Amino acid sequence: MGLFGNPRKNKDKWAAIVVANAQPGMNLDEAFLDAATTMYIQQHARILYDSIHLVLTSKNKKTQKERYKLAQEKFGALIRVKKYASKEQKKGINLAIDDFLKMEDMYKHPGKYQEPVVDVKKQNKKQMKQDFWDVYAQMEMLDIFSGDEE
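The present account deals with the structure reproduced in this document. The model shown is predicted, which means the values in this text are computed figures rather than measured ones. (Residues numbered from 1 in each chain as written. Predicted model: local features only at pLDDT ≥ 70, side-chain atom pairs only at ≥ 80, totals over all residues. Heavy atoms only, no water.)

Focus on the pattern of salt bridges
Scanning the entire structure with this criterion turns up four salt bridges. Note that arginine 46 and aspartate 50 form a salt bridge whose closest N and O atoms lie 3.7 Å from each other. With a gap of four residues between them, arginine 46 and aspartate 50 both fall in helix 2 (residues 30-57), about one helical turn apart. For arginine 46, a relative accessible area of 47% gives the class partly exposed. (Salt bridge = Lys/Arg side-chain N within 4 Å of Asp/Glu carboxyl O. Helix = DSSP H or I, 4+ residues; strand = E, 2+ residues; numbered from the N terminus. Buried < 20%, exposed > 50% of the residue type's maximum accessible area, 1.4 Å probe, protein only.)

What follows is the structure in structure tokens.
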């Protein structure tokens with residue numbers, strides 16, 4: 001119970017969020033609303049995670065933008081239902097919220113998360129030089145130890 005009372009007591013507001021076509025004054029018990037809340041959270045979290053995946057992996061900027069807006073909507077829906085959620089449901093909501101906030105930061109600041117560009121040819125050439133000198137040093141040592149010095 002919070003500072004301002006238990007929000008679950010206001011079943012009309014709760015039902016308006018989690019039940020489609022809910023009418024004020026409908027006689028809904030708490031178990032039904034709790035199950036509806038679980039389904040509501042699962043659906044919105046699934047869409048949110050699909051959107052997060054597409055925002056971060058799509059090369060199409062239009063798709064990224066549209067899915068980012070959809071993710072924002074689903075984020076807002078989860079925030080609205082959070083005060084009516086049970087402790088277990090709140091854990092799932094909090095994970096989804098954290099993942100959304102990480103995605104939002106990556107979407108708004110793409111340069112911050114880009115991996116450094118590595119020049120593969122230069123790296124391979126350097127490795128080949130190192131390998132050459134390692135083998136040369138081993139051959140010299142073998143010559144010294146075997147007594148085949150010239």
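Structural notes on the packing of helix 3 (residues 61-82) against helix 4 (residues 87-108)
Relative orientation of the contacting elements helix 3 and helix 4 amounts to 150 degrees, with a least axis distance of 10 Å. Between helix 3 and helix 4, the crossing angle belongs to the class labelled roughly antiparallel. The crossing of helix 3 and helix 4 is left-handed. When helix 3 is examined against helix 4, the residues Gln64, Lys65, Tyr68, Ala71, Gln72, Phe75, Leu78, Ile79, Val81 and Lys82 are found in contact with a partner set consisting of Lys90, Ile93, Asn94, Ala96, Ile97, Phe100, Leu101, Met103, Glu104, Tyr107 and Lys108. (Axes fitted to C-alpha atoms, helices over the stretch in contact; angles between N-to-C directions. Parallel < 35°, antiparallel > 145°, perpendicular 65-115°, else oblique. Left-handed = near helix turned anticlockwise from the far one by under 90°. Contact = heavy atoms within 4.5 Å.)

Looking at the nonpolar core
Side chains of a nonpolar character, in soluble globular proteins, are inclined to be buried together. One finds Val18, Leu33, Leu48, Ile93 and Met103 to be the most contacted residues of the largest nonpolar core, which totals 24 residues. Where this core is concerned, the elements lending two or more residues are helix 1 (11-18), helix 2, helix 3 and helix 4. Element by element, the count of residues in this core is highest for helix 2, at seven residues. For leucine 33, the contacting residues outside a window of four places in its chain are Lys11, Trp14, Ala15, Val18, Val19 and Leu28. (Core = buried A, V, L, I, M, F, W, Y, C linked by side-chain atoms within 4.5 Å.)

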